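Remarks on the overall topology
One-letter residues, chain by chain:
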Amino acid sequence: MKRTVTILAGLLLSASLVGCSSTDADQMQTLTNKVDTLAEQVSALQGQQDQIVSAVNDSRAASDAAYQEAMRANKRIDNIAGSYTK
C-alpha cells in the first residue's frame, strides 16, 4: 500500500519536473493523462484490498464460530463417554 503511494508520488514529482523543463503542451497533457490513469489504478487496488480484508475478516469469524462449536461438541462427547459404564 505504502509502496504504491510512494511510486505514485515519485511519478507525480518526475512529471512535474519534466513539465517544468519542457514547454510542450501535448507532452504535459500526456503525462497528466498517465498520472490520472495511475491514480485510478491505485484507487481500484485500494478497493480490491478493502474487499480482501473484509473477506478475510469474515472467514476468521466463521472459523472461530466453527472452532467454538467443535469444542462444545467435544465436551458433550467427553461427558457421554465419562458417564458410560460397562
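Keep in mind the model is a prediction, meaning the values are calculated, not measured.

Attention now moves to the overall build of the protein chain. Across its full length, the protein chain carries 2 helices and 0 strands. Counting all 86 residues of the protein chain, 6% fall into the buried class. Taken as a whole, the protein chain presents about 7,200 Å² of accessible surface, with 60% of it coming from carbon and sulfur.

With that settled, the discussion passes to the pattern of salt bridges. Overall, the coordinates contain 1 salt bridge when judged by the stated rule. The shortest N-O distance in the salt bridge between R72 and E69 comes to 3.0 Å. On the criterion of helical spacing, the pair formed by R72 and E69 is a turn pair, its members being 3 residues apart in helix 2 (residues 25–83). Classification of R72 as partly exposed rests on a relative accessible area of 46%.

Basis of the calculations
- Residues numbered from 1 in each chain as written.
- Predicted model: local features only at pLDDT ≥ 70, side-chain atom pairs only at ≥ 80, totals over all residues.
- Heavy atoms only, no water.
- Helix = DSSP H or I, 4+ residues; strand = E, 2+ residues; numbered from the N terminus.
- Buried < 20%, exposed > 50% of the residue type's maximum accessible area, 1.4 Å probe, protein only.
- Areas by Shrake-Rupley, 256 points an atom, 1.4 Å probe, with all protein chains shown as cover.
- Salt bridge = Lys/Arg side-chain N within 4 Å of Asp/Glu carboxyl O.

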